[in-house]
Amino acid sequence: MKRVVLLSLGLMVMSAAYIGCLPSDSGGGGNPGTGGSGPGVGGTGNTQGTAGTLGTGGTTQGTGGDGQGTGGSTQGTGGDATGTGGNPQGTGGDGSGGNPQGAGGNPQGAGGNPQGGRGGNSSTAGTGGNPRGGNGGTAGNPRGGNGGTAGTGGTAGAGGSSRGGTTGTGGNPMEVATPIDGAMLLGPCLRDTQAAVCATVNGGCPGANTADPALSGVLTTNKTITLGGDPNTTYTIVLHIQGEVESKNYNGGTDVNSSGSSPTLNGWRYPTGTTNPTPGTNNAYNVYMLRVTNPGSTAHTDYFLNSIDPPGVENHTSYGIDYTTPAAGTAGALTVKGTAKIQLVAADSNCSMIKNCGPTQNDGNTCAAPITLNNVEASSVSKNSTFDFTKPYNGQWIVLTVKSVTAN
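Computed from a prediction, not measured in an experiment: that's the story for all the values here.

**Section: unusual backbone geometry**
A cis amide bond links Ser262 with the next residue in sequence, Pro263, at an omega value of 10°. Among the secondary structure elements, Pro263 is positioned in the loop between strand S7 (254-255) and strand S8 (269-270). Cis peptide bonds are those with omega within 30 degrees of zero, and the linkage from Pro310 to Pro311 qualifies with 5°. Turning to its location among the elements, Pro311 is positioned in the loop between strand S11 (301-304) and strand S12 (319-324). Residues other than glycine seldom take positive phi values, yet Cys351 does so here, at roughly 60°. Relative to the assigned elements, Cys351 resides in the loop between strand S14 (341-348) and strand S15 (352-354). Look at Cys351 and you get buried, because its relative accessible area is 7%. Of note, the phi angle at Asn375 is positive, near 60°, even though the residue is not glycine.

**With respect to the environment of Gly203**
Its place among the elements puts Gly203 in the loop between strand S3 (197-199) and strand S4 (218-226). On the basis of relative accessible area, Gly203 is assigned to the exposed category, the value being 60%. Between the C-alpha atoms of Gly203 and Cys351, which are 148 residues apart in sequence, the distance is 9.9 Å.

**With respect to the packing of aromatic side chains**
Evaluation of the coordinates by the stated rule reveals six aromatic pairs. Both rings, one in Trp268 and one in Tyr303, keep their centres 5.1 Å apart while their planes meet at 20°; by these two values the pair is stacked. You can see Trp268 sitting in the loop between S7 and S8 and its partner Tyr303 sitting in strand S11, a full 35 residues away along the chain. For Tyr303, a relative accessible area of 5% translates into the label buried. Each ring, one from Phe387 and one from Tyr393, has its centre 5.0 Å from the other, and the planes form 45°; the classification is tilted. With a relative accessible area of 12%, Phe387 lands in the buried category. Residue class for Tyr393 comes out buried when judged on its relative accessible area of 19%. By the ring-pair criterion, three or more aromatic residues cluster together here, those being Phe387, Phe389, Tyr393 and Trp397.

**A closer look at the pattern of salt bridges**
Inspection of the entire model under this criterion finds seven salt bridges. Of the charged contacts in the structure, one is a salt bridge between Asp181 and Lys383, with a shortest N-O distance of 2.6 Å. Note that Asp181 is positioned in the loop between helix H1 (2-20) and strand S1 (184-188) and Lys383 in helix H2 (residues 378-383), a separation of 202 residues in sequence. Across the pair Lys403 and Glu377 runs a salt bridge, and its minimum N-O distance is 3.0 Å. With Lys403 in strand S16 (residues 395-407) and Glu377 in the loop between S15 and H2, this residue pair connects regions lying 26 residues apart in the sequence.

Cut-off values and rules
- Residues numbered from 1 in each chain as written.
- Predicted model: local features only at pLDDT ≥ 70, side-chain atom pairs only at ≥ 80, totals over all residues.
- Heavy atoms only, no water.
- Helix = DSSP H or I, 4+ residues; strand = E, 2+ residues; numbered from the N terminus.
- Buried < 20%, exposed > 50% of the residue type's maximum accessible area, 1.4 Å probe, protein only.
- Phe/Tyr/Trp six-rings, centres within 6.5 Å; stacked < 30°, edge-to-face > 60°.
- Salt bridge = Lys/Arg side-chain N within 4 Å of Asp/Glu carboxyl O.

This is how it looks when you write it as structure tokens:
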């Protein structure tokens, strides 16, 4: 019996020793944390990008034991899809803003949500296990997307021509003669030398111009006006010419009308063919002239405004003139090329002028009937506000009003 008991005790001791040599049980590790499940949405235009969905941490509890339980350690990866409107790939839900090129608009792309997707929650450690949960997801790029490149501004439109008055194809022909409309030629009296005579210069009188008699003596008016229009087009300008002047005789050319009476005499004299009329040199009465020089030419065409002999005479008298120049297609019409230059000249060869004393002949000692011209064109009156058309002028004057312009 003792042998049996002793044998049983021996077997039990050996069994216990064998069991003591077996390895201990290890605690089971927690499940890995799940990464972020949604892609980060990039900025669109100036809208803020949205961060990825949070990664879920490992949740299974490791079984306690002698070994160290392994916590959830898988890194939660944030959404990495390209955000709409740009290149916002951010690990951990980096919603970087788009990089759209703004065409002249707001070029700044709005940054995404700077917070990346978080890592999974910490797993519960087993006995002796690793208490650290899965690593957090990589944080999003806190800086917003690069601003879009600014749009290039449009090219500025070409400015219009700075030169006024040029009439384009199909434009209003009246604009061709706008620069001459309302222009005046004046011969003012500077001091009286007789009741019906005055001086037109202070000091010495310039001499005769033998090469160009129309420019002899003092030029009480001498101005050049550039017309508008197309230089390749010929225009006819019809003028209404009004004023009070002394008479002058001219050689060559043709008078439109050699009859009538003051104050509506017609003094228009024009070239015959290409030969210009010229002032007579047998006396020193005043010259009133329009000299036309077409573009690209050195030649000129002269038209005279006070050729009223007959019926007027060169003596101590002055006359009212009021007439319209010939229409297009009529002999003596004022024809010009576009952009032509017109020189307006009032010249007194001996610097002594008949005053505004009317058409009654006198010996120079009587100024009987000064002329005030009625019915002067209202448009020309308004353009010469410093000239009083309602009173007799102390001297001589002519005003030009444009009535029509025709492209030939």
